[in-house]
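# Fold and contact review
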Amino acid sequence: MVEARGVRKSFGHVEVLKGIDLSVAPREVMCIVGPSGSGKSTFLRCINHLERIDAGRLSVNGHLVGYREKGGRLHELHDAEVAAQRREIGMVFQRFNLFPHMTALENVVEAPVQVKGVSKAEARERGAALLERVGLADRMHNYPNQLSGGQQQRVAIARALAMEPMLMLFDEPTSALDPELVGEVLDVMRGLAADGMTMVVVTHEMGFAREVGDTLVFMDDGAVVEDGDPRQVLTDPQHERTRAFLSKVL
Amino acid sequence: MSVDSSTTPAPPEQIRAVPVRHPGRWIAAAVIAVLAAMFVHMLVTNPVFQWDFMLDNMFSDAVLRGARTTLIMTILAMAIGILLGILLAVMRLSANPVVAGAAWVYIWFFRAIPRIVLLFFVASLGALYARYEFGFPFDQQLMDLLGFQADWRLFGFDGNEIFKGFIAGLIGLALSEGAYMAEIVRAGIQSVDPGQAEAAHALGMSRGRTMRRIVLPQAMRVIIPPTGNETIAMLKDTALLIAVPVTTELNFQLRAIGSRTFQVIPMAVASIIWYLALASLLMIGQYFLERRFSRGFGNRETRQQREARRARDVGSTH
């Protein structure tokens, strides 16, 4: 589903991704962990072209992200083509980024109606079903500032799902939440994984990674240090840096 | 000290403290009351005010028509100015350096020119060209070069007909307003969290749709209060239309009565009262606009929430 080969990315003189090779299979749940500044969020943002990569190849479902290869050269995609690629990829942000001037239901309905041209009635019906699925049937008409962090993040997940993506990206979805609200968001994500959604999750929740993840990737200083079965990586890390990191967070 | 947990302690006695005295407040109130009394006394006793004369004349047909012109001019000039401002603000934030530069030059130019100077200039555009025609650029020069006697003009108008009166005033005020509104809209757009546009892009929304559906509605919260200021400033600046001249405007009509009858003070006071009333009217409009665009930011219950709560309440009593 996702193929990264030698992906590099710099901000100014700082190289934040130093050649990432990773692949995510359909229905796979990949969790990426690592210290802050290790480039894990940047890599995630590259997958739906919120950041452009400087070198290497990154493709989703066989299509290069943000580029087209023609006659041995890469051509940048137009905004409309990038937007079309992003429709297939859902993204959930650390800070939720719900639209504050819309109710929960309006947030969920917005993209299907505006982007896909789904009829309002149908979108509302499906939106209500999605909000019910994340346990917010009775909060549909509330504005984001009337919801707790956990509820907001669940609306954000429903909003991403409304576009029927084939891949979901989670950028530290529980890091901005009060500890007692983390569980409700992880429950929704667990349900998604059980339904067979392909997911890439940047997280600090080792318990979730162990229980739900198919692969655990440890990144440090812009590179993949170690990846493999979560239970194995967490209990028997092969690298000194992984051991040092895990000893601090576990 | 020991606490007996078997008996509930008596609730603490309600505090009845002597409140702090504020003698300064009483002194200030007395001073202001005396000043206000002196002011009212002056209004009532000075015969120059001619209140009856003022009331008889401040609602004449000509004045009412003037008030209508002033109000229509304010609304039209602001409407065009706001649209122009949004366009210029989006241009200034564009990644295209030519477009951004053009917007900068426009704003630089029109903010620097006093409105009265601009109005004089627009009114004299009829002297620059007698006829204004639209068609292919440099058509006559190109045709000359090719050796033809012809031009490519689509339509045109008489400069002296267009650049006078109401239209000239509207052009001048709207062009000037566009520059100010552009800065206000830009500040509004930049006040919206960049995460909002990112979330919209991640959902596959195009740049234009993101701007229209997500960014601008949130920017409105920041844009409306200064736009209210601009509208009230525009109401007052319609008095500058004398430069064009537009003589059907409110202030001119009131002054005309004043100078015709030598009752200058009563009509000047009438002017003040008229502008106070019209500005108050506009402030009411601003209040409702602000309420509309603060959705999701206050704690006000929406209609659907109220209905849902009532439905729950009814459900629980049965």
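Details of the structure are given in the entry above.
Since we're looking at a predicted model, the values are computed, not measured. (Residues numbered from 1 in each chain as written. Chains lettered and ligands numbered in written order. Predicted model: local features only at pLDDT ≥ 70, side-chain atom pairs only at ≥ 80, totals over all residues. Heavy atoms only, no water.)

Residue and element names in this part refer to chain A. Scanning the entire structure with this criterion turns up 28 salt bridges over all chains. With a shortest N-O distance of 3.0 Å, Glu 15 and Arg 8 are connected by a salt bridge. In this structure Arg 8 comes out as partly exposed when scored by relative accessible area, which is 34%. For Glu 172, the salt bridge goes to Lys 40, with nearest N and O atoms at 3.7 Å. Taken together, the residues Glu 172 in the loop between β9 (167–171) and α6 (179–194) and Lys 40 in helix α1 (residues 40–47) connect sequence positions 132 residues apart. (Salt bridge = Lys/Arg side-chain N within 4 Å of Asp/Glu carboxyl O. Buried < 20%, exposed > 50% of the residue type's maximum accessible area, 1.4 Å probe, protein only. Helix = DSSP H or I, 4+ residues; strand = E, 2+ residues; numbered from the N terminus.)

Picture the strands of a sheet paired through backbone hydrogen bonds; they go either parallel or antiparallel. Residue and element names in this part refer to chain A. Overall, mixed pairing links the six strands, which are arranged β8-β9-β10-β3-β11-β12 in an open sheet. Only two strands of the sheet have a single partner each, and these edge strands are β8 (89–92) and β12 (223–228). Averaged over all pairs of adjacent strands, the angle between strand axes in this sheet comes to 15°, irrespective of strand direction. With five bridges connecting them, β9 and strand β10 (residues 198–202) associate as parallel partners. Bridging from a neighbouring strand, Leu 169 pairs with Val 200 of β10. Its contacts with the sheet place α6 against β3 (29–33), β9 and β10, and it is angled at close to 145° to β10. Its contacts with the sheet put helix α9 (residues 240–249) on β3, β11 (215–220) and β12, and the angle it makes with β11 is roughly 100°. (Pairing = 2+ DSSP bridges. Axes fitted to C-alpha atoms, helices over the stretch in contact; angles between N-to-C directions. Contact = heavy atoms within 4.5 Å.)

Attention shifts here to the layout of surface pockets. Here the largest pocket defines a volume of roughly 940 Å³. Lining of the largest pocket is provided by 33 residues; of these, A:Asp79, A:Arg86, B:Ala197, B:His201 and B:Arg207 occupy positions nearest its centre. Elements with a minimum of two residues in the lining of the largest pocket: α2 (79–86) of chain A together with α9 (194–202) and α10 (207–237) of chain B. Sorting elements by how many residues they give to the lining of the largest pocket places α10(B) first, with seven residues. Taken together, the residues that form the lining of the largest pocket break down as 17 nonpolar, seven polar and nine charged. (1 Å grid on protein atoms, 1.4 Å probe; cavity = no way out; pocket = protein on both sides within 12 Å on 5 of 7 lines; lining within 4 Å. Points joined across faces, edges and corners; volume = space filled by probe spheres on them. Nonpolar A, V, L, I, M, F, W, Y, C, P; charged D, E, K, R; others polar.)

All names here are of chain B. This structure, assessed with the given rule, holds 14 aromatic pairs over all chains. Seen from their ring centres, Phe 134 and Phe 157 are 6.0 Å apart, and the 40° between their planes marks the pair as tilted. One end of the pair, Phe 134, is in strand β1 (residues 131–135); the other, Phe 157, is in strand β2 (residues 153–158), with 23 residues separating them in the sequence. The exposure class of Phe 134 is partly exposed, given its relative accessible area of 40%. Under the relative-accessibility criterion, Phe 157 is labelled partly exposed at 22%. On the numbers, 5.2 Å between centres and 85° between planes, the contact of Phe 136 with Trp 152 is edge-to-face. With Phe 136 in the loop between β1 and α6 (139–146) and Trp 152 in the loop between α6 and β2, the pair connects residues that are 16 residues apart, well separated along the chain. Owing to a relative accessible area of 42%, Trp 152 belongs among the partly exposed residues under this scheme. Taken together through their ring pairs, the aromatic side chains of Tyr 129, Tyr 132, Phe 134, Phe 155, Phe 157 and Phe 163 make up a single cluster. (Phe/Tyr/Trp six-rings, centres within 6.5 Å; stacked < 30°, edge-to-face > 60°.)

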